[in-house]
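Spelled out, the chains give:
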Amino acid sequence: MIFLQGGGINITNETIALLTHPPADRRFVAQVFILQRVACFLNQVNSLFLYFCQFTLPQNSITIPPQFFFIFECFEFVTMKLGKKMKLLSVLTLLLTTLSFSQEDESFHRHKGFFISISSGFAGGSIDLNMQNNEVGINEIKFYGLGGAFDFKIGGAIRENTILSFDIIGRTITGPQVEVDGNTGSASNNVTVNDGTLGIGITQYFMPHNFFVSATLGAGNFTVENKDLGTNSGSELGLSVYLKVGKEWWVSRNWGLGIAGGFNHISAEDKKDLTNPAYSGTISTNKLFLLFNTTFN
């Protein structure tokens, strides 16, 4: 728009057009002028509304926004006043003004695409070693104690809200309580007992509440490390089943924080004793855990 400064009066192009057109065309020019001003105002309202939605409203919470009807009513009023000549232009401007309402942000608060989850917390449940034909005459050893737990998942959505991932899961008990054939005692903090799992997991989110359930099936094993004696022994690989239920809250466009609990069962054969071929042993755990999640999706 060009502004002509003269005698303290701003004269616009539209004013010049009104003065220079023949009288028969002045009404149409005035109609265009009015419609342009209305469209400019409504575009500003539209921009403010989209800014408000971006920071305050959840994704897809409005299918047809109320502003759509407000814009339509304004244009209906204008077209009624301006007559049939302006109806086509009004409809086209209406479509352009409201087009942005139908555009969706593909990543905002949706479980699609790349996925990574890191969780840490606590787990409880004994680790039991049952032995047969042990040369020292011990039949059962149990390790107790609250341990630190974690899981790490990386993968992607195979469809919206359904995640396939590669999972790493672990627990460590430091200085556990030890029970040997019914006799209990405490190990020093230089003794740690660990269990771990590598597996394939699937997570299902239930939107819009962002609850989820996940399951992991994989290979698990156990290790016992005694720094006082300089020993580190472990089991063979066995079956691990990991179940988890939780709830997350969005804290940004793609990041969520949450809490989860669940159950993990691992069972594996103890390693063979080369000096005692008759020995066999099975080590297992049934543990419950509470974790705090950080997820990107």
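Higher on the page you've got the structure.
Residues numbered from 1 in each chain as written. Predicted model: local features only at pLDDT ≥ 70, side-chain atom pairs only at ≥ 80, totals over all residues. Heavy atoms only, no water.

K.L.:
Mind showing me how you'd approach the overall build of the protein here?
P.N.:
Summing up its helical and strand segments, the protein has 4 helices and 15 strands in all. Residues classed as buried in the protein amount to 36% of the 297 residues present. In the protein, once contacts between residues fewer than 6 apart in sequence are set aside, the share between residues at least 24 apart is 64%. (Helix = DSSP H or I, 4+ residues; strand = E, 2+ residues; numbered from the N terminus. Buried < 20%, exposed > 50% of the residue type's maximum accessible area, 1.4 Å probe, protein only. Contact = heavy atoms within 4.5 Å.)

K.L.:
Just checking my understanding: could you explain the packing of aromatic side chains for this structure?
P.N.:
Between two aromatic rings, the relevant description is the distance of the centres plus the angle of the planes. On inspection of all chains with the given rule, the structure shows 4 aromatic pairs. Ring plane angle 45 degrees and centroid distance 5.5 Å describe the contact between Y205 and F212, whose orientation is recorded as tilted. Across the pair, F212 and Y205 agree in class, each one buried. For the pair Y242 and F289, a centre-to-centre distance of 4.8 Å together with 5 degrees between the ring planes defines the contact as stacked. Of this pair, Y242 sits in strand β13 (residues 238–250) while F289 sits in strand β15 (residues 280–296); the two residues are 47 residues apart in sequence, bridging distant segments of the chain. Of the residues examined, Y242 reaches a relative accessible area of 2% and is grouped as buried. Grouping aromatic residues by their ring pairs yields a cluster made of F114, W255 and F296. Over the face of the ring belonging to F211 we find K247, whose NZ or CZ atom lies 5.2 Å from the ring centre. (Phe/Tyr/Trp six-rings, centres within 6.5 Å; stacked < 30°, edge-to-face > 60°. Lys NZ or Arg CZ within 6 Å of the ring centre and 35° of its normal.)

K.L.:
What's the story with the side chain of N194 in this structure? I'm lost.
P.N.:
Here N194 is to be found in strand β10 (residues 191–206). Note on N194: relative accessible area 18%, which makes it buried. A polar contact of 2.8 Å, which involves the side chain of N194, links it to the side chain of T172. Those residues in contact with N194 that lie beyond four places of it in its chain are R171, T172, N221, F222 and T223. (Polar contact = N/O pair within 3.5 Å; in protein donor to acceptor, adjacent residues only side chain to side chain.)

K.L.:
Would you mind going over the pairing of strand β4 (residues 127–132) with me for this structure?
P.N.:
Regular strands place side chains that alternate from one sheet face to the opposite one. The pairing of β4 with strand β5 (residues 140–144) spans 4 bridges and is antiparallel. Bridge pairing links D128 to K142 in β5. Here β4 pairs with β15 via 6 bridges, running antiparallel. Bridge pairing links L129 to I283 in β15. (Pairing = 2+ DSSP bridges.)

K.L.:
Can you walk me through the environment of R171 in this structure?
P.N.:
With respect to the helices and strands, R171 occurs in strand β7 (residues 162–174). R171 gets classed as buried once you look at its relative accessible area, which sits at 2%. Taking the C-alpha atoms as reference points, R171 and G147, separated by 24 residues in sequence, lie 6.3 Å from one another. Setting aside residues up to four positions removed in sequence, R171 forms contacts with A123, G124, G125, S126, I127, G148, A149, V193, N194, D195, T285 and K287. A polar contact is formed between the side chain of R171 and the side chain of D195, at a distance of 2.8 Å. Polar contacts involving the side chain of R171 include one to the side chain of T285, which spans 3.0 Å.

K.L.:
What is the right way to look at the environment of Q177 in this model?
P.N.:
Looking at the element boundaries, Q177 is found in strand β8 (residues 177–180). As for Q177 and Y144, which are separated by 33 residues in sequence, their C-alpha atoms are 4.9 Å apart. In this structure Q177 touches K142, F143, Y144, G185 and S186, once residues within four positions along its chain are discounted. Within polar-contact distance, the side chain of Q177 engages the side chain of S186 at 2.9 Å.

K.L.:
How should the pattern of salt bridges be read in this particular structure?
P.N.:
Side chains that differ in charge, positive against negative, can pair when their charged atoms come close. A full pass over the atoms with the stated rule returns 5 salt bridges. Here D195 and R171 are joined by a salt bridge, their closest N and O atoms 2.8 Å apart. Of the two residues, D195 is situated in strand β10 and R171 in strand β7; the sequence distance between them amounts to 24 residues. D195 sits in the buried class, given a relative accessible area of 4%. For K287, the salt bridge is made with D195, and the minimal N-O distance between the two is 2.7 Å. With K287 in strand β15 and D195 in strand β10, the pair connects residues that are 92 residues apart, well separated along the chain. Note on accessibility: K287 and D195 belong to one class, buried. Through salt bridges with shared partners, a single ionic network connects R171, D195 and K287. (Salt bridge = Lys/Arg side-chain N within 4 Å of Asp/Glu carboxyl O.)

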